[in-house]
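Examining the three-dimensional arrangement
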Amino acid sequence: MTPRAPAHPGEHCDIAITGRGVVTSIAEGADAFFDALLERRSGIVEDLGEVSGRAGAPCSGFDPALAMTPKEARRSDRYTQFAMAAAAQATAEAGLPGDVDVERLAVLMGTGVGGLMTLETECVKFHDAGRDVRAVSPLFVPMMMPNAAAGMIAISLGAHGPGFSVSSACATGTHAIGEAKRMIERGEADVVVAGGTEAGMTPLCMAAFERMGALSRDGISRPFDARRDGFVMGEGAGCLVLERGDLARERGAKIFGYVVGYGASNDAFHMTQPDETGRGATKAMKAALADAGADPGEVGYINAHGTSTPFNDKIETRAIHNVFNGGSPPVSSTKSAIGHLLGAAGAVEAVAVLCALQRGILPPTLNFGEPDPDCDLDYVPDGPREAPGLKLAMSNSFGFGGQNACLAFRKAS
Amino acid sequence: MAVTENDVLEEIRDQLESIKVPGAREATPENTWSELDVDSLDLVELVKALEDRFGVTISDDDLKPIESVGAAIELTMRLVAAKEGTPA
């Protein structure tokens, strides 16, 4: 029997990562970010002052002017500014648009909450003015809408392929990268600028997460530790350039790794609590491994969702046991250093995984001191760890709404 | 004190500056919006600034044919004069 011819140009292609971008509280730029993780730097401040009495990891020194004109920056919510900065880094690294066909260049930039600060500001102005229509900025909609970041990136690149936002709360960035992989496999694009961005550190958003009981009272992000009591809010963006491997090699692009597996699932259980059995998370991880054509034994590292909430870390551990059956590789949580970036988390963590593969070293979990019998894996607590044989690694993200996603990355040979 | 064309020009320059239009302070009545890269959203903010400063109401119909700084000055002066009951 002759093998079936590919239905789409990308169907049987490997998908290379040719650009990476990161904006976080500890560093901007993929390599600086990974260095900071290895140095165990924390971006968390105890008190956000006027924004909230709770802890957070703000990008205090962020300057939108590095990637946008002053006029563009003024017309963009902070979440779009973060995305533009991360995309500028990633596309510069990849040499985009360069000689890439812009008709086949796509943008999938997700966000969990979109332009929330704009929404808050305009809402207050509108009500303070007795609901006077004239008080509302004409820039409100293009600043607030969750697809604004994807739109601005497409404009900056002249990218005429598909473009939209992806939203699945805290799994957004991972879904965006996974869906970008699928988009190339379906033959809809050759190159996709994909990731997640978030600027949810606003007074209203902080109050809302506080009321849910999701934020740490101690103000410490300590995933998998027995004393963990919630997450610490972070902000920023992560961005990757995904590219058909054959085309990337043809144009001589530097390849930072390959995205080889993507799995997604629903808990279909509860809007904010994970399924106790870990069923949804288990399914996403298994699906990512199946998509990668890999056995669990090949995985050398998992970048956990690891939020530092009592529920997530316990159930994620259970799900990892379900998949690895006692043979789990080391697991660590980047959120221990930069807090929880909500819709940007998965994209930033994907960059951490790619750097870990490239350098053969695992980033640690900070603030881990008191083991929890329900969290009994190796969480890389003592500092960065050499992993010279690391070839395949995974990244988990689980969103409110019960939406789960997992990616698998392979080291560039 | 009577509003002068220069007052309106200065208000327009202030507003262009606040919306980060490059070269806002050097804008002249001859400049068109397209030369200044001012789009329809910018114009909404500009109109509100002129309305607030000079106490006039600029309708969408008034605004449609206005394509330059000079035309905006002329329109504002006309509306101010009408408000004050004096010929423009």
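Residues numbered from 1 in each chain as written. Chains lettered and ligands numbered in written order. Predicted model: local features only at pLDDT ≥ 70, side-chain atom pairs only at ≥ 80, totals over all residues. Heavy atoms only, no water.

With that settled, consider the interface of chain A and chain B. Contacts between chain A and chain B engage nine residues on the former and 14 residues on the latter. The interface formed by chain A and chain B holds six salt bridges in total. The interface formed by chain A and chain B contains eight residue pairs in polar contact (both at pLDDT 80 or more). Top element by residues in the side of chain A that touches chain B is helix H2 (residues 70-74) of chain A. It accounts for three residues. The class makeup of the residues in the side of chain A that touches chain B is five nonpolar, no polar and four charged. (Contact = heavy atoms within 4.5 Å. Salt bridge = Lys/Arg side-chain N within 4 Å of Asp/Glu carboxyl O. Polar contact = N/O pair within 3.5 Å; in protein donor to acceptor, adjacent residues only side chain to side chain. Helix = DSSP H or I, 4+ residues; strand = E, 2+ residues; numbered from the N terminus. Nonpolar A, V, L, I, M, F, W, Y, C, P; charged D, E, K, R; others polar.)

All names here are of chain A. With nine of nine residues buried, strand S1 (residues 15-23) is to be regarded as a mostly interior element. Relative to strand S8 (residues 257-266), S1 runs antiparallel, the two sharing two bridges. Within the sheet, the bridge partner assigned to isoleucine 17 lies in S8 and is glycine 257. (Buried < 20%, exposed > 50% of the residue type's maximum accessible area, 1.4 Å probe, protein only. Pairing = 2+ DSSP bridges.)

The next subject is the environment of A:Ser395. Residues and elements named next belong to chain A. Structurally, the position occupied by serine 395 is in strand S13 (residues 392-399). A relative accessible area of 0% means that serine 395 is categorised as buried. On a C-alpha basis, the gap between serine 395 and alanine 304 in space is 6.0 Å, while along the polypeptide they are 91 residues apart. Contacts of serine 395, omitting those with residues within four sequence positions, involve Thr174, Asn303, Glu349, Ala350, Val353, Ala405, Cys406 and Leu407.

Right, let's get into the packing of helix H3 (residues 78-94) of chain A against helix H6 (residues 148-157) of chain A. Residues and elements named next belong to chain A. As a packed pair, H3 and H6 sit with axes 9 Å apart at the nearest point and diverge in direction by 40 degrees. On the basis of their axis angle, the class for H3 and H6 is oblique. The way H3 lies across H6 gives a crossing that is right-handed. Taken together, the residues of H6 that come into contact with H3 (itself represented by Tyr79, Thr80, Ala83, Met84, Ala87 and Thr91) are Ala148, Ala149, Met152, Ile153, Ser156 and Leu157. Of the residues assigned to the contact of H3 with H6, the class counts are nine nonpolar, three polar and no charged. (Axes fitted to C-alpha atoms, helices over the stretch in contact; angles between N-to-C directions. Parallel < 35°, antiparallel > 145°, perpendicular 65-115°, else oblique. Left-handed = near helix turned anticlockwise from the far one by under 90°.)

Summing up the model confidence of chain B, the mean pLDDT is 93 and the portion of residues at 70 or higher is 97%. This prediction of the complex comes with two scores: 0.96 for pTM and 0.91 for ipTM. (pLDDT = per-residue confidence, 0-100.)

Bringing helix H10 (residues 279-292) of chain A into the picture now. The terminal C-alpha atoms of H10(A) lie 20 Å apart, and with 14 residues this matches the ideal 20 Å at 1.5 Å per residue to within 8%. Once H10(A) ends, the next one or two residues include A:Gly293, with phi positive near 65 degrees. (Expected span 1.5 Å × (residues − 1).)

Okay, the sheet that holds strand S9 (residues 299-303) of chain A next. Residues and elements named next belong to chain A. Strands sit in the order S4-S3-S5-S7-S1-S8-S14-S13-S9-S10 across an open sheet of 10 strands; the sheet is mixed. Two strands bound the open sheet, and with one partner strand each, they are strand S4 (163-164) and strand S10 (331-332). Relative to S4, strand S3 (residues 105-111) runs parallel, the two sharing two bridges. The partner of valine 107 across the bridge, within S4, is glycine 163. Seen against the sheet, helix H13 (residues 345-359) touches S1, strand S5 (191-198), strand S7 (236-244), S8, S9, S13 and strand S14 (403-410) and runs at an angle of roughly 170 degrees to S13.

Attention shifts here to the pairing of S7(A). Residues and elements named next belong to chain A. In terms of burial, S7 is a largely internal element, nine of the nine residues being buried. Because side chains alternate across S7, one face comprises the buried residues Gly236, Gly238, Leu240, Leu242 and Arg244, and the other comprises Ala237, Cys239, Val241 and Glu243, equally buried. Bridge count between S1 and S7: eight bridges; the pairing is antiparallel. Along S7, the bridge assignment pairs arginine 20 with leucine 240. Where S5 and S7 come together, eight bridges link them in antiparallel fashion.

With that settled, the discussion passes to the packing of aromatic side chains. All names here are of chain A. Overall, the coordinates contain five aromatic pairs over all chains when judged by the stated rule. On the numbers, 4.0 Å between centres and 10 degrees between planes, the contact of phenylalanine 224 with tyrosine 379 is stacked. One end of the pair, phenylalanine 224, is in the loop between helix H8 (203-212) and strand S6 (233-234); the other, tyrosine 379, is in the loop between strand S11 (361-362) and strand S12 (385-386), with 155 residues separating them in the sequence. Relative accessible area serves as the criterion here: at 0%, phenylalanine 224 is assigned to the buried category. Plain terms: the ring middles of phenylalanine 368 and tyrosine 379 are 5.7 Å apart, the flat faces sit at 45 degrees to each other, and that makes the pair tilted. Taken together, the positions of phenylalanine 368 in the loop between S11 and S12 and tyrosine 379 in the loop between S11 and S12 put the pair 11 residues apart, joining distant regions of the chain. Taken together, Phe209, Phe231 and Phe400 form an aromatic cluster joined through their ring pairs. (Phe/Tyr/Trp six-rings, centres within 6.5 Å; stacked < 30°, edge-to-face > 60°.)

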